[in-house]
Amino acid sequence: MHLTRFRVNTARSGARRLLSSPQAMHAAVMSSFPALLPTDTPPPDGPRVLWRLDHTTRAEVMLYIVSPDRPDLTHLVEQAGWPAAAAADPNQPGWQSRPYAPLLDRLTTGQRWAFRLTANPVHHARRKDDEPTKRTAHLTGTHQMGWLLKRQDTCGFRVLEKTHATRLLPRGTTHTNQPHHGDRYELTVHDKRTLAFDKHTTPQGGRRPPVSLVTVTFDGRLEITDPHLLRRALTQGIGKAKAYGCGLLTLAPLPTAR
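The structure contained in this document is the topic of the report that follows. Remember, predicted model here, so these are calculated numbers, not experimental data.

Below, the discussion takes up the packing of aromatic side chains. By the definition in use, this model includes two aromatic pairs. Relative to Phe-218, the ring of Trp-147 lies with its centre 6.3 Å away and its plane at 10 degrees, an arrangement referred to as stacked. Placement of the pair is Trp-147 in helix α6 (residues 141–149) and Phe-218 in strand β10 (residues 211–224), with a sequence separation of 71 residues. The same class applies to Trp-147 as to Phe-218, namely buried.

Here it is as structure tokens:
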């Protein structure tokens, strides 16, 4: 496994095209692995290619990729990077890729990490009793946080709770209402985006229905409860829409107290 970071040059037209289309970005990421055919599907219980865009500032966007093989991002440098700088220094190809196994192997129960996850929080609901259920996006921060909290056990971690003892409910709520998760947990949700785009045509030449996704980014702190399950979440992703930049969970050391 490898973890790769690529800084997107947002001033370039090729970068803007990729950033405006999750489908185009997915195709560009998958082109980084020549051994993978377009028809290849990831094994149901094995590592897969995951990617995520972090909009650190309005002008700075980082692309992260977790993959079984080391990617070759030369084409991305040419389209959306700094090709002149890469050509001037052969030791700096325009991206950084390092083995992921050392991190995965040292994960143990009880460790605490900061984490980030961009996901597509959805549930199945029906508007009327006689209608089939339909996949529907969670739209509020409370429900989006609840979506992640429901998955923490099966993903091998627990989101840390805030240290203040009372964990006060928001003003205007009662103990019979659903508490606001952000007041209890070391967890924030931000960067909500609604993505809408057309898919490729069907093999018969017809048009597929357009895709509409709601994505959000979670930042928080976690404690490992099952290293095996967490490794699976880190290498297989969490939730739906993995082909469109969702599901990639990454860890970072917690800042040391002074």
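Next comes the rest of the description.
Within this model, the second largest pocket holds a volume of roughly 460 Å³. In this structure, the second largest pocket is lined by 23 residues; those nearest its centre are Leu-3, Tyr-64, Arg-98, Thr-250 and Leu-251. The set of elements that each furnish at least two residues to the lining of the second largest pocket consists of β1 (2–9), β2 (50–55), β4 (96–99), α5 (101–105), β5 (112–119) and β11 (249–252). Of the residues belonging to the lining of the second largest pocket, the class tally is twelve nonpolar, four polar and seven charged.

Considering all chains together, one arrives at eight salt bridges under this definition. Two residues, Glu-161 and Arg-184, come together in a salt bridge whose shortest N-O distance is 3.1 Å. Linking Glu-161 in the loop between β8 (157–159) and α7 (181–184) with Arg-184 in helix α7, this pair joins segments that are 23 residues apart in sequence. Taken together, the shared-partner salt bridges connect Arg-52, Asp-54, Arg-116 and Asp-219 into one network.

We now examine helix α8 (residues 227–236). The buried fraction of α8 is high, at seven of ten residues. Within the span of α8, buried status applies to Pro-227, Leu-229, Leu-230, Ala-233, Leu-234, Thr-235 and Gln-236. For α8, the N-terminal cap is Asp-226; the gap from its side-chain oxygen to the backbone nitrogen of His-228 is 3.0 Å. Note on α8: the residue one or two positions beyond its end, Gly-237, has a positive phi of about 90 degrees.

Time to look at the pairing of β5. Across the eight residues that make up β5, a large majority, six, are buried. Where β5 meets β11, four bridges bridge the pair, whose relative direction is antiparallel. Its bridge partner lying in β11, Phe-115 is registered against Leu-251.

What follows deals with the sheet that holds β2. Across the sheet, which stays open at both edges, the four strands sit in the order β2-β3-β1-β4 with antiparallel pairing between neighbours. What marks the edges here is a single partner per strand, and that holds for β2 and β4. Strand-to-strand twist across the sheet, computed as the mean angle between neighbouring axes with direction ignored, equals 15 degrees. Sheet analysis places β1 next to β4, joined by four bridges and oriented antiparallel. Each bridged residue has a counterpart across the sheet, and for Thr-4 the counterpart in β4 is Ser-97. In the packing of helix α2 (residues 22–30) onto the sheet, the strands contacted are β2 and β3 (60–67), and the crossing angle to β2 comes to about 125 degrees.

This part takes up the environment of Gly-81. Note on placement: Gly-81 falls in the loop between α3 (74–80) and α4 (83–88). Linking Gly-81 and Val-8, residues 73 residues apart in sequence, is a C-alpha distance of 5.6 Å. Ignoring any residue separated from it by four or fewer positions in sequence, one finds Gly-81 in contact with Phe-6, Asn-9, Arg-12 and Leu-76.

The next subject is the side chain of Thr-215. Counting through the fold element by element, Thr-215 comes out in strand β10. Those residues in contact with Thr-215, other than ones at most four positions away along the chain, are Thr-118, Ala-119, Asp-191, Lys-192, Arg-193, Leu-195 and Cys-246.

Rules of the game
- Residues numbered from 1 in each chain as written.
- Predicted model: local features only at pLDDT ≥ 70, side-chain atom pairs only at ≥ 80, totals over all residues.
- Heavy atoms only, no water.
- Phe/Tyr/Trp six-rings, centres within 6.5 Å; stacked < 30°, edge-to-face > 60°.
- Helix = DSSP H or I, 4+ residues; strand = E, 2+ residues; numbered from the N terminus.
- Buried < 20%, exposed > 50% of the residue type's maximum accessible area, 1.4 Å probe, protein only.
- 1 Å grid on protein atoms, 1.4 Å probe; cavity = no way out; pocket = protein on both sides within 12 Å on 5 of 7 lines; lining within 4 Å.
- Points joined across faces, edges and corners; volume = space filled by probe spheres on them.
- Nonpolar A, V, L, I, M, F, W, Y, C, P; charged D, E, K, R; others polar.
- Salt bridge = Lys/Arg side-chain N within 4 Å of Asp/Glu carboxyl O.
- Polar contact = N/O pair within 3.5 Å; in protein donor to acceptor, adjacent residues only side chain to side chain.
- Pairing = 2+ DSSP bridges.
- Axes fitted to C-alpha atoms, helices over the stretch in contact; angles between N-to-C directions.
- Contact = heavy atoms within 4.5 Å.

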